[in-house]
Amino acid sequence: MQHLTRPLPLHRTLFAPIPFAPLAPLEPLHAKPSQRVASVWAAPPPAPLAPLAAQQTRPQALANAPLLPLYSNSYGSDSISDTEFVPLEQQGRQDAAAVAVATTTQGVEQKPFTVDAITTDVNSPNPAVFFQQSFPFFGNEFFNSFGGFGFGNTQEPWWKGPNVCTEREESDGATTEADGDEAVDSFGQERDGAGSVVRSPLFGQFHFSVNSCAEKPNKHVCTKIVNQNGKKKMVTLIRQCCYGYGRPRNADFTIPCDKIEIKDIAATAADMGAQQFIESAKSSGELGNMLSNSQGKKLTLFVPNDAAFQEYRGQHQQENNVDDSKAEGSQMSTIFKLHSVQGEVELEDVPNEKLLESELTGQKIRINTYQLPPGLGPEPYRYAANCVPIVQHDKLSEQALVHTLDGVLKPLTKNVMDIIRERADMSIMRTVLEKTNISALLEGDKPVTIFVPTDAAFDKLEPHLRRALKEGRGCASNILKNHILDLTFCSLATLPGAKTTTYNLLGEPLLLNRTKRVANQTEPSAIYINNAAKILDADIMGTNGVLHVIDTILPTDSALPMTTLLSQKNITIFKRLLEASGLDYQFDDMDNVTVFAPTDKALQHSEWARLLAEQPESLKDNRDLAEFLNYHVIKPMIKTCDLSESLLPTVAGSNVRLNLYSTHALFSDVMNRATVNCARLVHFDDESCGSVLHQVDRPLTAPKNNLLQSLEANPNYSKFLELVRKANLTHLLANESDSFTLLVPKNDVFEEFGESTESKPAQSQAELEAQVKTHIVNDVVCCAGIIPTNWPFVRSIESVSGQHLRITRDRRPKIENAGVTKCDLIATNGILHEINDIIVPRSPPAQQHRPRPHIYQPPRGDFDVFF
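Residues numbered from 1 in each chain as written. Predicted model: local features only at pLDDT ≥ 70, side-chain atom pairs only at ≥ 80, totals over all residues. Heavy atoms only, no water.

- An unreviewed UniProt entry annotates the chain as FAS1 domain-containing protein of Drosophila navojoa.

Some points on the pattern of salt bridges
Any two side chains of opposite charge can pair, so long as their charged atoms come close to each other.
Thought 1: Applying the stated criterion to the full structure yields 27 salt bridges.
Thought 2: Ionic pairing is found between E471 and R467, a salt bridge with its closest N-O pair at 3.9 Å.
Thought 3: Look at R467 and you get buried, because its relative accessible area is 15%.
Thought 4: Between E607 and R610 there is a salt bridge; the shortest N-O distance is 2.3 Å. With E607 and R610 both in helix α17 (residues 607–614) and three residues apart, the pair spans about one turn of that helix.
Thought 5: In this structure, a network of salt bridges that share partners links the residues D418, R421, R430, E434 and E443. (Salt bridge = Lys/Arg side-chain N within 4 Å of Asp/Glu carboxyl O. Buried < 20%, exposed > 50% of the residue type's maximum accessible area, 1.4 Å probe, protein only. Helix = DSSP H or I, 4+ residues; strand = E, 2+ residues; numbered from the N terminus.)

Quick word on the sheet that holds strand β30 (residues 673–676)
Thought 1: Pairing is mixed in the open sheet, where seven strands are placed in the order β27-β26-β32-β31-β30-β29-β28. If you trace the sheet from one side to the other, it starts and ends with β27 (633–634) and β28 (646–649), each paired once.
Thought 2: As paired strands, β28 and strand β29 (residues 655–661) are joined by four bridges and run antiparallel to one another. Bridge assignment links L648 to a residue of β29, and that residue is V656. (Pairing = 2+ DSSP bridges.)

Overview of the sheet that holds strand β13 (residues 340–342)
Thought 1: Strand order in this open sheet of seven strands is β13-β12-β18-β17-β16-β15-β14, and the pairing throughout is mixed. Two strands close off the open sheet at either side, each with one partner strand: β13 and β14 (354–357). Taken pair by pair, the neighbouring strands of this sheet meet at an average axis angle of 30°, ignoring direction.
Thought 2: As paired strands, strand β16 (residues 381–385) and strand β17 (residues 388–396) are joined by three bridges and run antiparallel to one another. Bridging across to β17, Y383 finds its partner in I390. (Axes fitted to C-alpha atoms, helices over the stretch in contact; angles between N-to-C directions.)

As structure tokens, then:
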């Protein structure tokens, strides 16, 4: 469909004198209330209608003036010169912060679904609204001189052509309100008691107007809001083809309104392929009764097409074994009333989720609208009535406005939850919904859609997830909400070969894909959700929405038990250890925790993995294993964006140490690597029910000793321990309130360099103390934080002696002149690196200027992307 566009006039809010007063406005022409827009099916009328001039009322002041085309500005000097209704493609919600008026505008209703050949978000935003404020000295003719489609185009739009009628709607405050002897009319002009325009003084006047227009298939709706000195008015003009005239649907914007043929309802239904329903209603006498009781008012009929009605009658007779014409007539009376609505209901004017009162007492028809992208259908929207597709719509007959259906509407007496309770194949879902109290959502008045898995679908689940769901434990409610939408989603919203996206109650997307039909296929093409679940039975309608039966439960990571998430992420050994120890259900029931799970590669050569393979029975209720597993869990739940360098208590009781590092040579303050007890996070931020999972590249073991005790426990470090004692620094390494990195040469390093003068341990007490302190760093620097660096991006760490020790990585991490042969021996107050050389304190050059090296200070803050 093409839309009319025109240049917007200049905008203003005026607080200034003008050399002339505003001119009196021209009242727009009116159409009689009964004159409605006609159908799009063009044909000659059965009888001539009254001339257009006879159908329109004109202002008294222009009673003797010649009739000109509607909305021309050629009526004389009293035409409106300060504003022009600007047609736009669509009208949406006004931004109250953008204008100083609070009112309701009329425009195109929001269409909540879109379908794209690739993918489309069904919750599309509202279209834009444009505002204007005109400078009167240009006048409307300045802009109108360029035509209706941009500058230089002289073609006029259909709504400025012949056979167009106008309806004006005014807000409650739009009528003239007297304020003493003066009032403000609908277009913001001040008038006195006699109706004459009051000329404004030169200063202190405020005049603000907002115009917006919306182009519908057969209507052009413009709304003008005027604020004159704080008095707000609104007028809406609706332009449409007069009764008996119409335009072809999706016609070019220049195609005018032409005469159409309006037939009686039987002939109209026959032309639309829906003859049998009307004939059946006639034979039962219900159609005549309905028309006679309407007292001349028009009806709207939703008429099943012949194929759908024939199928319905066959099924009804077979199910009820009825061959009685009287019983059939009674049934037909009920069905006909259900398909009838008082008044003319044009679908383009009906908002999505609108409930229409049918002529059958207590029964309503829910109208849903689904937007299509250009090229995927002959019209921009698809419509459904109680999820039954509307095939043709808005065909005007002499007695009613007719829409045809691809099915027969059935009386609705149960809400969605009642339908689930009655289905024998949904007993598990019913139980879970009631245990989690989500059943209340399905019993209310707000529209809902639920994709209901059968009982057989629950048997496909992993045991831990099935247990959590059946018992309503943990995040069972999240799994259920993953299946529920807060709108009515009919299968009509999907197209073969296209993908449609909607959002569930968790705010997560559901991607629906309808397969393409194959040759000679009679059944509807299959619809899949997230490429996981297939819809087995679609469009089961309730009073408050619709349900679709699916064969598979839709998973969501935010609702999975921890053990199920471990399986999905291939953390199999850690999960099997949980099951062998009997802690798997305990882990599933944990809430607000962070789990650091070692990968299978990290655990495959561990003692626990050996016992799991050889003696799994020995792991049941094993205290050491329980402590090992619980040491990998901390509280609270912490994602990587919230990590900081700190000590955090585990469920086992001992602390784990979190450190952050940068691997960027240039941007050393950007933290993009994290470690826990120097184990590197290799995969992170996988959410389960109330918890988060980070994978680490080595198992975590709680340290038992401080740094001094670690030296004493290893005979290979005896020579360095002797130096520490001689330097009287044992208290430093035993300090539990601080954190250090200790660089320890093995005994064979001292033996190898025993004869070297340069590397001999210092003799004086001060030199000896400086020698030892050079090997102590007052921070935790894991090997994962040491990266390859080259000049000028040299990094260094500072020892407690004040020495700057350069750090880099070749085959192995390197600190000054020493390579690290064993990394990250964890102690309660820091870590220990085993090195292959003695680091000798360096004296600063006497007369040589050297740039100060970069001192590596691991910041204590947030970090960005990890790798």
